[in-house]
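Residues per chain, in single letters:
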Amino acid sequence: MKEAASRPLPPRRGRRKPASGALIAPGARPPPAPQSSVSSPPPPPPRPRPQSHRSGPGPRSPVVCVTPPHRRRHVATLSDQERRRQISVRGLAGAENVSRLKRSFNRHLHFTLVKDRNVATPRDYYQALAHAVRDHLVGRWLRTQQYYYEKDPKRIYYLSLEFYMGRTLQNTMVNLGLQNSCDEAIYQLGLDMEELQEIEEDAGLGNGGLGRLAACFLDSMATLGLAAYGYGIRYEFGIFNQKISGGWQVEEADDWLRYGNPWEKARPEYTIPVHFYGRVEHSPQGAKWLDTQVVLALPYDTPVPGYRNNTVNTMRLWSARAPNEFNLKDFNIGGYIQAVLDRNLAENISRVLYPNDNFFEGKELRLKQEYFVVAATLHDIIRRFKSAKFGSRDPVRTAFDTFPDKVAIQLNDTHPSLAIPELMRILVDEEQLSWDKAWEVTVRTCAYTNHTVLPEALERWPLHLLEALLPRHLEIIYEINQRFLDRVYATFPGDHDRLRRMSLVEEGAVKRINMAHLCIVGSHAVNGVARIHSDILKNSVFKDFYELDPHKFQNKTNGITPRRWLLLCNPGLAEAIAQRIGEDFVADLDQLQQLRNFVDDESFIRDVAKVKQENKLKFAAFLEKEYGVRVNPASLFDVQVKRIHEYKRQLLNCLHVITLYNRIKKEPNKPFVPRTVMIGGKAAPGYHMAKMIIKLVTSIGDVVNQDPAVGDRLKVLFLENYRVSLAEKVIPAADLSEQISTAGTEASGTGNMKFMLNGALTIGTMDGANVEMAEEAGEENLFIFGMRVEDVEALDRQGYCAHDYYERLPELRQAVDQLSSGFFSPRQPDLFRDIVNMLMNHDRFKVFADYEAYVKCQEKVSALYKNAREWTRMVIRNVAAAGKFSSDRTIAQYAREIWGAEPTRHRIPAPDEPRE
């Protein structure tokens, strides 16, 4: 062993990747393992840094940090890492901090991963770095929790079945202000920071907007100093990995925990029993839920750091475990083996995320997941409430009068709606409160966020499922419903139709419980997620409830965290902004308004355009490397990335692409503004039409991209496996953001905000948050087209007839005929028959009605893109107007207007500073 460790390393040529794939700098020996009983080679001297007097931004040289000085060309560029170095810290990282990080890295490589540099793989290096960064979180994490125990603030509990976190390493470095030190340390160790960051798996515990919103909210709650906890499920398999094979989506399991997760800490001491099935027994002492099956909920905690305020909150995710006595009734050997194997049945509860977005699938396993997270979380909330005195785990609070003053529970859509009957069950059956007192506590504690108006997305659980799985909860829901309907009838006497519409129990062939109605009745606040969406809730979807309790209904327009969605993913733009208005905008995004003073500043216009071009070059290089596709970086990058769904109208985009293609073919010598159209997103595995849409995009690409008459003027790409880490690459590179849902269908959207903040212009309908984006930036600074909500309603009243548009618009007719005839699927001419049939005969989302306006609007886009200066000035106006769309603003509104808590930018002392 000693000999192996100390023998001289063989000479290397260029950049060598050992069998494991480790990146070693050419001409450099690997950095050392820490000193131990095993002798190791001495550390190499630190290699000279790249020139620091570079003239400014430019395309990144991918090997700039690993090329030896004698072979390094002078590159007048700044890498993303070097840009971040300039932001915030303004200068080199402290030598002591860098040295400490290097020691920590080597210590973890040695003691945590049990490797030395001779055998370590790139994944080992990533893990060592992650553990070194995590070490910086731990002291702050402990101190934050101690601070909360001492101050006993109101706790905010954000309950969500989805947390779409993405990667954690870079976000943690940004929020702790460690990026410079880590970049320097990794550089001195002879490794490539970007390569290590790419090794981390996305934590894909969400489908799309709802789960990513929850992640942004956690970041903002920590940044605003709120004592907040995210509670959800630790899915073993997150959202599937999407592969495109022969143009079709193929799903692969997302085994994201295969190599372990350095960011989580299991907390088996807080394991909680969760009950299912059984029966209810009533006696004078109250109701008892008996003969249940028990599944254990084992918590895993992940730290959530705020931005440079030393606050580190907790996301607690529950994992299902079978109890040791599970099914061990039989003691013959066959029964024993089978009983142990059957433990899987209990543990399946946290096995996999349901991959549906905006669609309700009433499966028993999903209902188990929803109750599992709610029961474990409420048990935890009440334990923490009772033992809130610092340093004590014994119950010190026994009365629940102050519960709503100390606890706020936010339900992220109806998925955690069982929190309402579960809290009632605990208060009435276990804590022996009267029904009226328990109901007052429950309503004052809970609040509900609605995320969709699509009827197929609303949760309506069959009564027989609830009756079998949660018999006591069904009884409680019946009681809630009876008392509620009594109140409705007293307010609107004789209005039996209103009673039927508002009942929590829906009559029909299969009786169902309407979970949205349960949430509204059991909450003190109900909010939509953009102003237009909240208005639709009040005026149509929940009109009856609004008329009964108008004070409950609010709006909270969604937002995004500027830490991940600007500082982390677009350091070039962040730096250009910081040079003009300082750095405080990162935690106060309204300061971007100051950029309005620079709309005519030639140097700023130049910098913004230059950053965009660098981002496009970088993304083009990524596409070539990952997909083997070459694109023209000077073309307009036209991007639509989101879940594939009919209401999001990827088909409208496809029709425009076909129209552009036909125009180029018709007039091949006419000058066209070159475009690269990129469409990405996952389709729910059971959603046939969404999968056909993906096949259509890839088929159009096959024809367009191989037509020599088209050349560089039009390219169509489907971006495979769209996820958070891919969004961080494509969004900063986009020129045009496609937000083209039918007016009144997209609750808010948050991708629209990310593109706006990163310097893309929006083509969109007046839907969701687009309405407020147009309000903030001025409608003339977005490409707004198509029907408004009232136009859609009018068209519904008169009857939408797709054939009228087909007959009236020759270019539309040509495109549809090409789909019908097999022009894009010559080997299978009727491949797209279902799409054409839907568009012509039963298109709920009226694609043809907006086609003409959309194509005309796209012509305006192309015209403006020809004038680079005017395009960039419009970009600057959009970035300057993006401040409203920070999730910090959203969370501050939730805190003040729903939770009764006050946000603060107070900085908790760091672990090495004296406590207050």
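See the structure printed just above.
Residues numbered from 1 in each chain as written. Predicted model: local features only at pLDDT ≥ 70, side-chain atom pairs only at ≥ 80, totals over all residues. Heavy atoms only, no water.

**With respect to the sheet that holds strand β25 (residues 783-784)**
Strands belonging to one sheet form pairs held by backbone hydrogen bonds; the direction of such a pair is parallel or antiparallel.
Then, number 1: The six strands lie next to each other as β22-β21-β20-β23-β24-β25, forming an open sheet whose pairing is parallel. Bordering the open sheet on either side are β22 (714-719) and β25, each of which pairs with just one other strand.
Then, number 2: Direction of pairing for strand β23 (residues 736-739) relative to strand β24 (residues 761-764): parallel, over a ladder of four bridges. Its bridge partner being in β24, Gln739 is matched across the sheet by Gly764.
Then, number 3: Sheet strands touched by helix α23 (residues 602-627): β20 (636-641), β21 (675-680) and β22. Its angle to β22, the strand with the most contacts, is close to 65°. (Pairing = 2+ DSSP bridges. Helix = DSSP H or I, 4+ residues; strand = E, 2+ residues; numbered from the N terminus. Contact = heavy atoms within 4.5 Å. Axes fitted to C-alpha atoms, helices over the stretch in contact; angles between N-to-C directions.)

**Some details on the packing of aromatic side chains**
Then, number 1: This structure, assessed with the given rule, holds 27 aromatic pairs.
Then, number 2: Ring-pair connections join several aromatic residues into one group, and the members of that group are Tyr157, Tyr229, Tyr231 and Trp318.
Then, number 3: Over the ring of Tyr149 we find Arg155; its NZ or CZ atom is 5.7 Å from the centre of that ring.
Then, number 4: Positioned above the aromatic ring of Phe240 is the side chain of Lys682, whose terminal nitrogen or guanidinium carbon lies 5.5 Å from the ring centre. (Phe/Tyr/Trp six-rings, centres within 6.5 Å; stacked < 30°, edge-to-face > 60°. Lys NZ or Arg CZ within 6 Å of the ring centre and 35° of its normal.)

**What about the pairing of strand β14 (residues 446-449)?**
Then, number 1: Residues of β14 alternate between two faces, with Cys446 and Tyr448 on one and Ala447 and Thr449 on the opposite face, all of them buried.
Then, number 2: Pairing between strand β13 (residues 407-412) and β14: four bridges, direction parallel. When the bridges of β14 are listed, Gln410 appears paired with Ala447.
Then, number 3: Examined bridge by bridge, β14 and strand β18 (residues 525-528) share three bridges and lie parallel to one another. Across the sheet, residue Tyr448 finds its bridge partner in β18, namely Val526. (Buried < 20%, exposed > 50% of the residue type's maximum accessible area, 1.4 Å probe, protein only.)

**A short note on the packing of helix α3 (residues 95-112) against helix α6 (residues 179-188)**
Then, number 1: One way to put it is that α3 packs onto α6 with a least axis distance of 9 Å and a crossing angle of 60°. The angle between α3 and α6 falls in the class oblique. With respect to the hand of their crossing, α3 and α6 are arranged in right-handed fashion. Contacts between α3 and α6 pair Asn97, Val98, Leu101, Lys102 and Phe105 from the former with Ser181, Cys182, Glu184, Ala185, Ile186 and Gln188 from the latter. (Parallel < 35°, antiparallel > 145°, perpendicular 65-115°, else oblique. Left-handed = near helix turned anticlockwise from the far one by under 90°.)

**Some thoughts on the pattern of salt bridges**
Then, number 1: Evaluated as defined, the whole model comprises 75 salt bridges.
Then, number 2: For the salt bridge of Arg234 with Glu264, the shortest nitrogen-to-oxygen distance reads 2.8 Å. On the criterion of sequence distance, the pair formed by Arg234 in the loop between β4 (228-233) and β5 (241-245) and Glu264 in the loop between β6 (248-252) and β7 (265-266) is long-range, its members being 30 residues apart.
Then, number 3: Since its relative accessible area comes to 12%, Arg234 is described here as buried.
Then, number 4: Between Arg498 and Asp495 there is a salt bridge, with its nearest N and O atoms 3.0 Å apart.
Then, number 5: Residue Arg498 is classed as buried on the basis of its relative accessible area, which comes to 9%.
Then, number 6: Put simply, Asp495, Asp497, Arg498, Arg500, Arg501, Lys543, Asp544 and Glu547 are held in one network by salt bridges that share partners. (Salt bridge = Lys/Arg side-chain N within 4 Å of Asp/Glu carboxyl O.)

**Quick word on the side chain of Arg498**
Then, number 1: Tracing the backbone shows Arg498 in helix α17 (residues 496-502).
Then, number 2: At a separation of 2.9 Å, a polar atom in the side chain of Arg498 contacts the side chain of Glu547.
Then, number 3: Arg498 has contacts with Val488, Phe492, Asp544 and Glu547, leaving out every residue within four places of it along the chain. (Polar contact = N/O pair within 3.5 Å; in protein donor to acceptor, adjacent residues only side chain to side chain.)

**Side note on helix α31 (residues 810-821)**
Then, number 1: Taking 1.5 Å of rise per residue, twelve residues should cover 16 Å, and α31 covers 16 Å from first to last C-alpha, within 8% of that figure.
Then, number 2: Where α31 is concerned, the buried positions are Leu812, Ala815, Val816, Gln818 and Leu819. In an axial view of α31, the angular spread of the buried residues amounts to 150°, which keeps them on one side of the axis.
Then, number 3: Contact partners of the buried residues in α31: α24 (650-666), α25 (688-705), α30 (802-808), α32 (833-841) and α33 (847-865).
Then, number 4: Of the residues flanking the end of α31, it is Gly822, one or two places downstream, whose phi is positive at about 90°. (Expected span 1.5 Å × (residues − 1). Arc of directions from axis to C-beta.)

**Looking at the pairing of β6**
Then, number 1: With five bridges joining them, β5 and β6 adopt antiparallel strand pairing. Within β6, the residue paired with Ser245 across the bridge is Trp248.
Then, number 2: Between β5 and β6, which pair antiparallel and follow one another directly, the connecting turn spans two residues, one of which, Gly246, has a positive phi of 60°.

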